Amino acid sequence: MDKLSDRVKRLGYSQTFVMSNKAREMKANGIDVISLTLGEPDFDVPDNIKQAAFDAINQNYSHYSPVPGFLELREAIAYKLKRDNHLEYKPTQICVSNGAKQAILNVLAAIINDGDEVILPTPYWVSYDEMVKMMGGNSVMVPTSYVTDFKITAEQLEEAITDKTKAVLFSSPCNPSGGYYTYDELKSLAKVIAKYPHVTVISDEIYEFINYETKTASIAQFPEVYEQTAVINGMSKAFAMTGWRIGYSACPEWLAKACEKVQGQMTSGANTMAQRASITALKTDPSEYRYMIDAFKKRRDLVYDLITEIPGFKVLLPKAAFYFFPDISYYIGKTLNGTEIKDADNFAMFILENAHVGCVGGVSFGSPECIRFSYAASEDDLREAMRRIKELLEKFN
């Protein structure tokens, strides 16, 4: 008798963690590996946020919080959404979760029945498809490519919507492409979605602040889809608080209540000290944390100059987040140093084993012709990583 459920057997392991674990194993065996796999800021948490956590400990915030989070934190989130995104939400429309990943899962659990469809524009974050599977839904992939700046059109979206469609899930700014949808592009998508009131938009905006051009728009800004939209965000990227596990959703009230119901039976409220520290982070002027974004932009420009010199790579200049997502289809179908390159995952493993640089193949992002590099690393490591890859691949050109 098989002890595992069919549901868990349907799930795959995160390719991000597969590659990062492989890089760690190689390092443990004495190999000099530069890992550019994980999407994690390499900065320390700002001092004022850390102090707020110490204060919370000393003030004995050690008991359960309300399931959707402290009222003061939900008020701070509502303040931030109005200040930065021109969005009006009441605290009762907000649910604070154990990271943005749980916030997405809450929404999916609240709306998905077995067999429902969720539209995923490719490339998508590796966990989206697995989350849909976990909830019993089916993912419908809408392809994009390097040529289309990795973005779908309103026409593609409308063609993908059926009576079974329950949600559209995407990130803007996007992990892994580093692009984002403009105001006008979101407006065109909103016009389509508004025709289908049975469809919920799940807009993952966790990379909102790591933007090198202008403020990104939110699809929730458009009145015609406000009541159909769940905005997802959190503290991990903008404030380097990945391990503090605070995310949140802002939804129509009916959906916010459903998220609270789901979370109440899963984890209850998030870490109380991290919640109190998040209040301080959100109320601080974003310019106080601009130094991290400036550093990321400097690294982006450095890597772009180097990665465009690597033979066979087609790459866009990322406008946001901290990833490069080059198209490596030039190498697919070739045999390199005895390794047959069937897709980007094979290529990523080839790079790791031969150049000792860790990246993530694009198969689990829905783009089997691309690989993802994180540039949340030191400038020295980034220079050396690009040098190693270029030196390796020049042997085959």
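See above for the structure.
The text that follows walks through the structure, step by step, so that each part is easy to find. For clarity, every value in this text was computed on a predicted model and none was experimentally measured.

### Re the overall build of the chain
Move 1: Broken down by element type, the chain carries 14 helices and 14 strands.
Move 2: At 21 Å, the chain has a C-alpha radius of gyration in line with the 21 Å of a compact globule built from 397 residues.
Move 3: Its C-alpha atoms give the chain principal-axis dimensions of roughly 60 × 55 × 50 Å.
Move 4: The buried share of the chain, reckoned over its 397 residues, is 55%.
Move 5: When the accessible area of the chain is evaluated, it comes to approximately 17,000 Å², of which 51% is carbon and sulfur surface.

### A short note on unusual backbone geometry
Move 1: Residue Pro 123 follows Thr 122 across a cis peptide bond; omega there is -5°.
Move 2: Its place among the elements puts Pro 123 in the loop between strand E3 (117–121) and helix H6 (126–134).
Move 3: Residue Ser 172 is joined to Pro 173 through a cis peptide bond whose omega torsion reads 0°.
Move 4: Along the chain, the position of Pro 173 falls in the loop between strand E5 (165–171) and helix H8 (183–193).
Move 5: Residues other than glycine seldom take positive phi values, yet Asn 60 does so here, at roughly 65°.
Move 6: Assignment of secondary structure puts Asn 60 in the loop between helix H3 (47–58) and helix H4 (71–85).
Move 7: Residue class for Asn 60 comes out exposed when judged on its relative accessible area of 55%.
Move 8: One non-glycine residue, Phe 150, adopts positive backbone phi at about 55°.
Move 9: Tracing the backbone shows Phe 150 in the loop between strand E4 (138–142) and helix H7 (154–160).

### Focus: the packing of aromatic side chains
What describes a pair of aromatic rings is the distance from one ring centre to the other and the angle between the planes of the rings.
Move 1: This structure, assessed with the given rule, holds 22 aromatic pairs.
Move 2: Ring geometry for Phe 43 versus Tyr 291: centroids 6.2 Å apart, planes at 85°, classification edge-to-face. Remark: Tyr 291 occurs in helix H12 (residues 290–307) and Phe 43 occurs in the loop between strand E1 (34–35) and H3; sequence separation between them is 248 residues.
Move 3: By relative accessible area, Tyr 291 is classed as partly exposed at 41%.
Move 4: Aromatic ring contacts, followed pair by pair, group Phe 43, Tyr 207, Tyr 291, Phe 296, Phe 322 and Tyr 323 into a single cluster.
Move 5: Of note, Arg 276 hangs over the ring of Phe 70, and the distance from its end group to the ring centre comes to 5.1 Å.

### Let's talk about helix H13 (residues 344–355)
Note on helix geometry: an α-helix contains 3.6 residues per turn, so any two residues three or four positions apart are oriented the same way.
Move 1: Relative to the 16 Å expected for 12 residues at 1.5 Å per residue, H13 spans 15 Å between its end C-alpha atoms, a close match to the ideal helical length.
Move 2: Within H13 the residues assigned to the buried category are Ala 344, Asp 345, Phe 347, Ala 348, Phe 350, Ile 351, Leu 352 and Ala 355.
Move 3: Measuring from the backbone nitrogen of Asp 345 back to the side-chain oxygen at the start of H13 gives 3.0 Å, which picks out Asp 343 as the cap.
Move 4: Among the residues trailing H13, His 356 stands out with phi positive, at a value near 60°.

### Some remarks on the pairing of strand E7 (residues 229–234)
Walk down a regular strand and you will see the side chains alternate between the two sheet faces.
Move 1: Of all six residues making up E7, six are buried, and the element is well covered by its neighbours.
Move 2: Where strand E6 (residues 200–204) lies against E7, four bridges are found, and the strand directions are parallel. Within E7, the residue paired with Asp 204 across the bridge is Ile 232.
Move 3: Judged from the four bridges that link them, E7 and strand E8 (residues 247–250) form a sheet pairing that is antiparallel. Pairing of Val 231 across the sheet is with Ala 250, part of E8.

### A look at the packing of H13 against helix H14 (residues 379–394)
Move 1: Running from N to C, H13 and H14 cross one another at 100°; their axes reach a closest spacing of 10 Å. As the angle between them shows, H13 and H14 are arranged roughly perpendicular. For the pair formed by H13 and H14, the contact residues are Phe 347, Phe 350, Ile 351, Asn 354 and Ala 355 on the first element and Arg 388, Ile 389, Leu 392 and Leu 393 on the second.
Move 2: Class assignment for the residues of the contact of H13 with H14 results in seven nonpolar, one polar and one charged.

### Remarks on the packing of H12 against H14
Move 1: Where H12 contacts H14, the axes come no closer than 10 Å and their chain directions differ by 15°. Classified by the angle their axes make, H12 and H14 are roughly parallel. The handedness of the crossing between H12 and H14 comes out as right-handed. In this structure, H12 uses Lys 298, Arg 299, Leu 302, Val 303, Leu 306 and Ile 307 to contact H14, whose residues at the interface are Glu 379, Leu 382, Arg 383 and Met 386.
Move 2: Here the residues of the contact of H12 with H14 sort into six nonpolar, no polar and four charged.

### Regarding H6
Move 1: Of all nine residues making up H6, seven are buried, and the element is well covered by its neighbours.
Move 2: Of all the residues in H6, the buried ones are Val 126, Ser 127, Tyr 128, Asp 129, Glu 130, Met 131 and Val 132.
Move 3: Residue Gly 136 follows H6 closely and has a positive phi angle near 90°.

### Considering the pairing of E5
Move 1: With six of seven residues buried, E5 is to be regarded as a mostly interior element.
Move 2: Bridging between E3 and E5 involves three bridges; their strand directions are parallel. Within the sheet, the bridge partner assigned to Val 118 lies in E5 and is Ala 167.
Move 3: Of the strand pairs in this sheet, E5 and E6 are connected by five bridges, and their pairing is parallel. Among the inter-strand pairings, Ala 167 is bridged to a residue of E6, identified as Thr 200.

Parameters at a glance
Residue indices begin from 1 for each chain and proceed along its sequence in written order. The predicted origin of the model limits local features to residues at a pLDDT of at least 70 and limits the giving and counting of side-chain atom pairs to 80 or more, whereas totals for whole chains, interfaces and linings rest on all residues. Side-chain numbers here rest on the full set of heavy atoms in the structure, without hydrogens or water. A run of H or I in DSSP counts as a helix once it spans at least four residues, and a run of E counts as a strand once it spans at least two, with each numbered from the N terminus. Each radius of gyration reported is based on C-alpha atoms, and the globular scaling rule is 2.2 Å times the count of residues to the power 0.38. Think of it in three bands: residues with accessible area under 20% of the maximum for their type are buried, residues over 50% are exposed, and the middle band is partly exposed, with areas taken using a 1.4 Å probe on protein chains only. Surface accessibility follows the Shrake-Rupley procedure with a 1.4 Å probe radius. Residue values consider only the protein chains on display as shielding. The aromatic pairing rule takes the rings of Phe, Tyr and Trp, using the six-membered ring of Trp, and pairs them if the centres are within 6.5 Å, calling planes under 30 degrees apart stacked, those over 60 edge-to-face and the rest tilted. Only Lys NZ and Arg CZ are tested; either one counts as a charge over a ring when it is within 6 Å of the ring centre and within 35 degrees of the ring normal. Helix span is expected to be 1.5 Å times the residue number reduced by one. Pairs of N or O atoms are called polar contacts if they sit within 3.5 Å, as long as, within protein, a hydrogen donor faces a hydrogen acceptor (for residues adjacent in sequence, only side-chain-to-side-chain pairs). Two strands pair under a simple rule: DSSP has to find at least two bridges between them. Throughout, an axis means a line fitted to C-alpha atoms (over the contacting stretch in the case of helices), and angles, computed between N-to-C directions, take values from 0 to 180 degrees. For this classification, under 35 degrees means roughly parallel, over 145 means roughly antiparallel, 65 to 115 means roughly perpendicular, and everything else is oblique. Any two residues having at least one pair of non-hydrogen atoms within 4.5 Å are treated as being in contact. The classification used treats Ala, Val, Leu, Ile, Met, Phe, Trp, Tyr, Cys and Pro as nonpolar, Asp, Glu, Lys and Arg as charged, and all other residues, Gly among them, as polar. The hand of a helix crossing depends on one turn: near helix anticlockwise from the far one by less than a right angle means left-handed, and clockwise means right-handed.

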